[in-house]
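# Structural overview
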Amino acid sequence: MVVTTALSPPLPAIERPWAPRLRGTPLLREIAHAVGGGPFHVIHPATFAENLAAVVGALAAEDVPGVVYYGKKANKAAAWLRECTRPATGVDVASVPELVHALGNGVRGEAIGVTGAAKSDGLLWLALRHHCLLAVDAADELERVAAQARGLGVTADVLLRVRPPSAPTSRFGFSPVDLTAALGRCADLGDSVALRGFSFHLDGYDPVARAELAAQLIQLCHQARALGHPASKINVGGGIAVSYVTHEDWHRFQENKDDSWFHSGRNPLRTYPYHQSPAGAAMVTAMLRHDTDGVPLAGRLRDAGIELLLEPGRALLDGAGFSVFPVQGCKDSGDHLVTTVAGLSMSLSEQWKASEFLPDPILVRAGGPQVGDAPVRTAVAGSSCLEYDVLTWRAVRLPARPAAGDLLVYPNTAGYQMDKNESGFHQLPLPPKVVVAGDRWHIDADYAIQEIP
Ligand SMILES: *Cc1c(COP(=O)(O)O)cnc(C)c1O
């Protein structure tokens, strides 16, 4: 049996000021009370808007025209979509409900990119009706797009998705041979298809790899133009890095990481890189300034008259939400504790890929700090009947033994944590999302048309 014998170094989350401020006011308890206790998520569209403006600003600062599409799958809330109606912004979708959700919140079809492999005929039809930009993934999909566009009497604006040379076994995109064929085919298809450019989406978070592949896509645009195509856009996908913790905290953690820090010895093999540099808008700047054969990418784009499209998901949600779980119980487990919260680890989706969401949870005690409080080490479990329903395997330090009535807050969860994997397991309702703006709050509504901004 593995017993937790060592205290892992802390990994306090980097937060935006609104989050600790809200936790320090009675508002958090009022919200908890109003939604029936919890669990619930708190989201902050103003922070999303700030992140979005920073990425748009990074393009403008390098004098590069472009559009920043929010990669919608990273969080399902409607509240973000309103922010994507500003100039040079849009939404990236991959299903009919995502497309309808964006349209229903005021995002116009021309500002919507549709990605994903082998899109359904229904999705293609709706996207063509609304003049969305389609990232075509394969030759047969191109034929379906062209056939539908002909039937509708419209021209489909398409990008061809390129399979990155660094990922030759990826299931996405055209291989180099198929891409050459598709360029020719687009010419044959006449008015039904306008080839607007090329796209890719890379794993990892490296600005250099993105800049270098973007430079290759500029060459592809030149080739396409030589064949008569109006190719003037390249889409470099998502994967803008996020730093959840500081460099010092992350390196101290990484260098000493040990099985003994984790309940049951469950030390994850791989995790998200919780500190990265450059991150956010600074990573976009690094990409644009990267030297590609003697010319920064930005200069190359300007010279070629090409627009740069981006599809960040996680990075736009950085600092824009946290998740709140009421403490339900706490028991001893060898030399540490196991705290059980109301709620499930599905609300912390990282726990469902043999990994761990590592930023430290924060204990908000019912009556504030009390005399006799002493620090404890605890793992955190969900309130289901699954042994592996665990929100934190790591024995984390809390300032006091958690008790029923306390709240446990997981910071910075808006990007891919809160709602990616949630289900109605045990017939429990999905945790509501509470939208906070200043000292006002409301529950996120799918179509927020009552309140015109
Ligand atoms: C998932 C995805 C994104 C968003 O990725 P992030 O890592 O959240 O920035 C963008 N584009 C495509 C094609 C995707 O599949």
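Quick caveat, the model's predicted, so the values are computed rather than measured. Sequence positions are assigned chain by chain, starting from 1 and proceeding in written order. pLDDT decides what is reported in this predicted model: residues at 70 or higher carry local features, side-chain atom pairs at 80 or more are listed and counted, and totals for whole chains, interfaces and linings draw on all residues regardless. Side-chain numbers here rest on the full set of heavy atoms in the structure, without hydrogens or water.

## Some remarks on the side chain of Ser243
Secondary structure elements follow DSSP: runs of H or I of four or more residues count as helices, runs of E of two or more count as strands, with numbering from the N terminus. Of note, Ser243 is situated in the loop between strand S8 (233-235) and helix H10 (247-256). Working definition: with a 1.4 Å probe on protein chains only, accessible area under 20% of the residue-type maximum means buried, over 50% means exposed, and in between means partly exposed. Here Ser243 falls in the buried class, since its relative accessible area comes to 14%. Within the structure, Ser243 has its side chain in polar contact with the backbone oxygen of Gln276 (distance 2.6 Å). Note on contacts: a residue pair is in contact if any heavy atoms of the two residues lie within 4.5 Å. The contact partners of Ser243, leaving out residues within four places of it in the chain, are Ile14, Tyr274, His275, Gln276, Ala279 and Asp318. Definition of a polar contact: a pair of N or O atoms within 3.5 Å, with one able to donate and the other able to accept a hydrogen when the atoms are protein atoms, and with sequence-neighbouring residues admitted only if both atoms are side-chain atoms.

## A look at the site of the ligand
Taken together, Lys73, Asp92, Thr115, Arg161, His201, Gly238, Gly239, Glu311, Pro312, Gly313, Arg314 and Tyr416 make up all the residues around the ligand. In the environment of the ligand, an oxygen atom lies 2.8 Å from a nitrogen or oxygen atom belonging to the backbone of Gly239. Between an oxygen atom of the ligand and a main-chain N or O atom of Gly313, the distance comes to 2.9 Å. Protein burial of the ligand: of its 390 Å² of free accessible surface, 87% is covered by the chains. In this structure the site holding the ligand corresponds to the largest pocket. Taken together, the residues that form the shell around the ligand break down as two nonpolar, five polar and five charged. Near is defined per residue: the residue qualifies when any heavy atom it owns lies within 4 Å of the molecule or strand. Each accessible area is a Shrake-Rupley result for a 1.4 Å probe, and residues are judged covered by the shown protein chains and nothing else. Grid points spaced at 1 Å over the protein atoms alone were grouped into cavities, where a 1.4 Å probe fits but cannot get out, and pockets, open sets with protein on both sides within 12 Å along at least five of seven lines, with lining residues defined by an atom within 4 Å of a point. A molecule is said to be in a cavity or pocket once over half of its atoms fall within 2 Å of that pocket's grid points. Asp, Glu, Lys and Arg are counted as charged, while Ala, Val, Leu, Ile, Met, Phe, Trp, Tyr, Cys and Pro are counted as nonpolar; the rest, among them Gly, fall into the polar class.

## Some details on the domain arrangement of the protein chain
It is common to give the size of an interface as the accessible area that goes away when the parts come together. Domain delimitation in this document rests on an assignment produced automatically or drawn from a domain database. On domain assignment, one finds that the protein chain holds domain 1 (18-44 + 319-443) and domain 2 (45-241 + 276-314). Centre-to-centre, using C-alpha coordinates, domain 1 lies 36 Å away from domain 2. Contact residues are listed per partner, giving 14 residues for domain 1 and 12 residues for domain 2. In short, buried area is how much 1.4 Å probe accessible area vanishes from two parts on joining, totalled over both. Each partner contributes to the roughly 1100 Å² buried at the junction of domain 1 and domain 2, and carbon and sulfur atoms together form 55% of this total. On the domain 1 side of the interface with domain 2, the three residues burying the most area are His44, Tyr416 and Asp419, jointly 50% of the side's total. Every case where a carboxyl oxygen of Asp or Glu lies within 4 Å of a side-chain nitrogen of Lys or Arg is listed as a salt bridge. On inspection of domain 1 and its partner domain 2, the count reaches one salt bridge. The partner of Asp419 in a salt bridge is Lys76, with the nearest N and O atoms 3.9 Å apart. Seen at the junction of domain 1 and domain 2, the total is seven residue pairs in polar contact (both at pLDDT 80 or more).

## Topic: the side chain of Thr115
Residue placement: Thr115 occurs in the loop between strand S4 (112-114) and helix H6 (121-129). Within the local environment of Thr115, its side chain forms a polar contact with the side chain of Asp92, the two groups lying 3.0 Å apart.

## Structural notes on the pairing of strand S15 (residues 376-381)
For S15, the buried fraction is high: six of the six residues fall into the buried class. Residues Val376, Thr378 and Val380 line one face of S15 and the alternating positions Arg377, Ala379 and Ala381 line the opposite face, and both faces are buried. Pairing between strands requires that DSSP locate at least two bridges from one strand to the other. Two elements, strand S13 (residues 336-341) and S15, share four bridges in a ladder whose sense is parallel. Note on S15: the bridge partner recorded for Thr339 is Val380. Bridging between S15 and strand S16 (residues 390-398) involves five bridges; their strand directions are antiparallel. Opposite Arg377, over in S16, you have Arg397 as the bridge partner.

## Quick look at the layout of surface pockets
By volume, the largest pocket is sized at about 1100 Å³. If you trace the largest pocket, you find 42 residues lining it, with Lys73, His201, Leu202, Asp203 and Tyr416 closest to the centre. Every element with two or more residues in the lining of the largest pocket is listed here: strand S3 (89-93) and helix H9 (207-226). A per-class count over the lining of the largest pocket returns 16 nonpolar, 13 polar and 13 charged. Composition of the lining of the largest pocket by domain shows at least three residues from each of domain 1 (18-44 + 319-443) and domain 2 (45-241 + 276-314). Grid points are joined across faces, edges and corners, and a volume is the space filled by probe spheres set on the points.

## Quick look at the nonpolar core
Residues Tyr70, Trp80, Phe198, Ile234, Leu301 and Leu308 are the most contacted members of the largest nonpolar core, which totals 110 residues. Ranked by the residues each element gives to this core, the list is headed by H9, at eight residues. Summarising the domain contributions, this core has at least three residues from each of domain 1 (18-44 + 319-443) and domain 2 (45-241 + 276-314). In this view, Ile234 contacts Phe198, Ala214, Leu217, Ile218, Cys221, Leu301, Ile306, Glu307, Leu308 and Leu309; residues no more than four positions away in its chain are not counted. In terms of nonpolar packing, the next biggest core, distinct from the first, is built from 16 residues, Ala19, Leu28, Phe40 and Val364 among them. By convention a nonpolar core is built from buried Ala, Val, Leu, Ile, Met, Phe, Trp, Tyr and Cys residues, the set being connected through side-chain atoms within 4.5 Å.

## A short note on helix H12 (residues 297-304)
Among the eight residues that make up H12, six are buried, leaving the element largely enclosed by the rest of the structure. Against H9, S8, helix H11 (280-289), strand S9 (291-292), strand S10 (295-296) and strand S11 (307-310) lie the buried residues of H12. Phi turns positive one or two residues past the end of H12, at Gly305, with a value near 65°.

## What to know about the pairing of strand S18 (residues 433-437)
Of all five residues in S18, four are buried; the element is thus mostly enclosed. Sheet topology places strand S1 (residues 40-43) next to S18; three bridges connect them, and they run parallel. Along S18, the bridge assignment pairs Val42 with Val434. Where S18 lies against strand S19 (residues 440-443), four bridges are found, and the strand directions are antiparallel. From the neighbouring strand, Ala437 faces S19, where its bridge partner is Arg440. What sits between the antiparallel neighbours S18 and S19 is a turn of two residues, in which Gly438 has the positive phi angle 60°.

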